[in-house]
Amino acid sequence: MIKLIEVEPKGGYLLALRFSGDAAGLFDFAPFVDANTPMTMPLRDPAFFARHYIGFGALAWPNGLDFSAGSLYRRLEDAGKLVHDRRVA
């Protein structure tokens, strides 16, 4: 099972994600923020966006919004933005 093991802010709505195993990628959350749904609206506030954390291997925010490690991994993989590097593990 893929788990998120590290999150590093990279400015704006970009987060560098490291997964269990040997994979990492830069994920842009701007499309989710731009969707302006009740769950993603709080992410517009930079202070709230910065409150992300890893909960049970998923990326989460205090309002209950979360993204499973598997879904983030697949999105990065589908976009060709997933990097495999044994030094990441």
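For the structure, see preceding data.
Cut-offs and rules
Residues numbered from 1 in each chain as written. Predicted model: local features only at pLDDT ≥ 70, side-chain atom pairs only at ≥ 80, totals over all residues. Heavy atoms only, no water. Phe/Tyr/Trp six-rings, centres within 6.5 Å; stacked < 30°, edge-to-face > 60°. Helix = DSSP H or I, 4+ residues; strand = E, 2+ residues; numbered from the N terminus. Buried < 20%, exposed > 50% of the residue type's maximum accessible area, 1.4 Å probe, protein only. Polar contact = N/O pair within 3.5 Å; in protein donor to acceptor, adjacent residues only side chain to side chain. Contact = heavy atoms within 4.5 Å. Salt bridge = Lys/Arg side-chain N within 4 Å of Asp/Glu carboxyl O.

A. Examining the packing of aromatic side chains more closely. Under the criterion given, the structure shown has eleven aromatic pairs. Judged by centre distance (5.4 Å) and plane angle (85°), the ring pair of Phe19 and Tyr73 falls under edge-to-face. One end of the pair, Phe19, is in strand β2 (residues 14–19); the other, Tyr73, is in helix α3 (residues 69–78), with 54 residues separating them in the sequence. For Phe19, a relative accessible area of 0% gives the class buried. Arranged with centres 4.9 Å apart and planes meeting at 70°, the rings of Phe32 and Phe67 form a pair that is edge-to-face. Here Phe32 is found in helix α1 (residues 30–35), whereas its partner Phe67 is found in strand β6 (residues 66–67), with 35 residues between them in sequence. Neither Phe32 nor Phe67 differs from the other in exposure class; each is buried.

B. The side chain of Thr40, seen in detail. Summarising the element assignment, Thr40 is placed in the loop between α1 and α2 (46–49). On the basis of relative accessible area, Thr40 is assigned to the buried category, the value being 5%. At 2.9 Å, the side chain of Thr40 and the side chain of Thr37 are in polar contact. When neighbours within four sequence positions are excluded, Thr40 is seen to be in contact with Phe32, Val33, Ala35 and Leu65.

C. Structural view of the pattern of salt bridges. Here the structure, examined in full by the defined rule, presents two salt bridges. The salt bridge partner of Arg18 is Glu6, with a shortest N-O separation of 3.6 Å. Of the two residues, Arg18 is situated in strand β2 and Glu6 in strand β1 (residues 4–9); the sequence distance between them amounts to twelve residues. Residue classification places Arg18 among the partly exposed residues on the basis of a relative accessible area of 31%. Here Glu8 makes a salt bridge to Lys10, at a shortest N to O gap of 3.1 Å.

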